[in-house]
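Listed here are the chains, written in short residue letters.
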Amino acid sequence: MTTTYALDIHGLRITLPGTARPVLDGVDLTVAAGETVALVGESGSGKTLTSRSALRLLPPGALVEGAVAVGGDDVLAMNAGRVAALRAGTAAMIFQDPRAAINPLRRIGDFLTEGVVLPKVMSRPDATARATELLHAVGVDDSILDTYPGQVSGGMLQRVMIAGALMGDPSLLLADEPTTALDVTTQAEVVALLARLQRRFGTGLLFVTHDLDLAAALGDRVYVMYAGRIVESGPAHELFAHPRHPYTAALLASTPRLDAPAGRLAAIDGQPPDLRTPLTGCPFAPRCRQATEACDQQEPDLRSIPGRPGHRAACHHSDRLEGIETSHVIEGREGREGREGREGLEGRAADV
């Protein structure tokens, strides 16, 4: 039986003018209905562009190859009308900075309703009723409908952004680092809220982040991206507890921890590859302490890890990481955050 995913990206390759290599190079990624998938990696790795491809929000002049399907429909082949309908109902995005994404000259009520009123998905009275319901769901009084974005806090505005993303009852929610612009306390509230709403509405969620703790706490599965390629993927706890790509292991080792030994924080040597420079072999090889001549000459395939269902890594020497435990670096879903579980996150959201 063929599975219809909320999001199914296959062989996605995007090249921009003036670059010597693709910005995204053969990306494969899926999000099932009701599943939370985390996409992690350094800034510039291609995470945001991958998520935006689901809404066909692509840079001017982009040359696109591969397939991007939302709910089984090919987004790249849609006409403008179908893309507008997709953005109004089937899929929605939560951007990382709500103040940059919401028009400061329009009332919040207009922001929430116009996305479904203008394409005639809902009548204005129905849209206002839906906006009121969702504001209550995210813990905001509906009196905010008549206010302007500049009159509320960043945390409150991010809640409005989440409510707006849910207006069309989407089957796919794309969260692009939605807590980056918020203080630590508000970050925890927003993450807990997302977990509760995702469970309540059964929405497939792609959560883009550079925060491995968040990925471990929220994700059912995790994709690790480097230089526009997926270098490792698998179940969240399995991947963080037993990484099989040196880049994943290095990210985990450089994660700040309150209980870490005294001394300088570990860092990954070097810089990500420049888009103006062609790549040969493994893109991480210049920064990898385990690299050999084969890594410089031959690009590794994303291969399944023996005995670990669903876990794949693109590394010629992934077996060298076998047996390495990273629980002292990040505990994963069954560790500190995992002990709380989704129920704990939902409980915290209910209190805010």
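Above this text sits the structure in question.
Below, the structure is looked at part by part. (Residues numbered from 1 in each chain as written. Predicted model: local features only at pLDDT ≥ 70, side-chain atom pairs only at ≥ 80, totals over all residues. Heavy atoms only, no water.)

## Observations regarding the state of the cysteines
Stage number 1. On inspection of all chains with the given rule, the structure shows 0 disulfides.
Stage number 2. This cysteine, Cys295, is not joined by any disulfide, and Cys282 carries the nearest cysteine sulfur, 6.0 Å off.
Stage number 3. With no disulfide of its own, Cys315 lies closest to Cys288 among cysteine sulfurs, the gap being 6.3 Å. (Disulfide = S-S within 2.5 Å.)

## Notes on the sheet that holds strand β9 (residues 221–226)
Stage number 1. Taken in spatial order, the 8 strands of this open sheet run β6-β7-β8-β3-β9-β10-β12-β11, and their pairing is mixed. Each of the sheet's edge strands pairs with one partner strand only, and the pair in question is β6 (91–94) and β11 (303–304).
Stage number 2. Note that strand β3 (residues 36–40) and β9 share 4 bridges and pair parallel. Bridge pairing links Ala38 to Val222 in β9. (Pairing = 2+ DSSP bridges. Helix = DSSP H or I, 4+ residues; strand = E, 2+ residues; numbered from the N terminus.)

## Remarks on the pattern of salt bridges
It is possible for side chains of opposite charge to pair when their charged atoms get near one another.
Stage number 1. For the coordinates displayed, the defined rule picks out 14 salt bridges.
Stage number 2. A salt bridge links Arg13 to Asp25; its shortest N-O distance comes to 2.9 Å. You can see Arg13 sitting in strand β1 (residues 7–15) and its partner Asp25 sitting in strand β2 (residues 24–31), a full 12 residues away along the chain.
Stage number 3. Arg13 sits in the partly exposed class, given a relative accessible area of 28%.
Stage number 4. For Lys47, the salt bridge identified is with Glu177, shortest N-O distance 4.0 Å. With a gap of 130 residues between them, Lys47 in helix α1 (residues 47–52) and Glu177 in the loop between β7 (172–176) and α7 (184–201) connect regions that are remote in the sequence. (Salt bridge = Lys/Arg side-chain N within 4 Å of Asp/Glu carboxyl O. Buried < 20%, exposed > 50% of the residue type's maximum accessible area, 1.4 Å probe, protein only.)

## Regarding the packing of aromatic side chains
Stage number 1. On inspection of all chains with the given rule, the structure shows 3 aromatic pairs.
Stage number 2. Aromatic pair Tyr226 and Phe284: ring centres 5.3 Å apart, planes at 85 degrees, arrangement edge-to-face. Residue Tyr226 is located in strand β9, and its partner Phe284 is located in the loop between α10 (246–253) and α11 (293–297); the two are separated by 58 residues in the primary sequence.
Stage number 3. Accessibility expressed as a relative area gives 2% for Tyr226, which makes it buried.
Stage number 4. An aromatic cluster is defined as three or more aromatic residues linked by ring pairs; in this entry it consists of Tyr226, Tyr247 and Phe284. (Phe/Tyr/Trp six-rings, centres within 6.5 Å; stacked < 30°, edge-to-face > 60°.)

## Focus: the sheet that holds β1
Stage number 1. Spatially, β2-β1-β4-β5 is the arrangement adopted by the 4 strands of the open sheet, whose pairing is antiparallel. A single partner strand is all that each edge strand has here, and the edge strands are β2 and β5 (73–74).
Stage number 2. Across 7 bridges, β1 lies against strand β4 (residues 63–70) in antiparallel orientation. Across the sheet, Ile9 pairs through a bridge with Val68, a residue of β4.

## Overview of the environment of Asp25
Stage number 1. Note on Asp25: relative accessible area 17%, which makes it buried.
Stage number 2. Expressed as a C-alpha distance, the spacing of Asp25 and Arg124, which sit 99 residues apart in the sequence, is 43 Å.
Stage number 3. Not counting chain neighbours up to four residues away, the residues in contact with Asp25 comprise Leu12, Arg13, Gly228 and Arg229.
Stage number 4. A polar contact is formed between the side chain of Asp25 and the side chain of Arg13, at a distance of 2.9 Å. (Contact = heavy atoms within 4.5 Å. Polar contact = N/O pair within 3.5 Å; in protein donor to acceptor, adjacent residues only side chain to side chain.)

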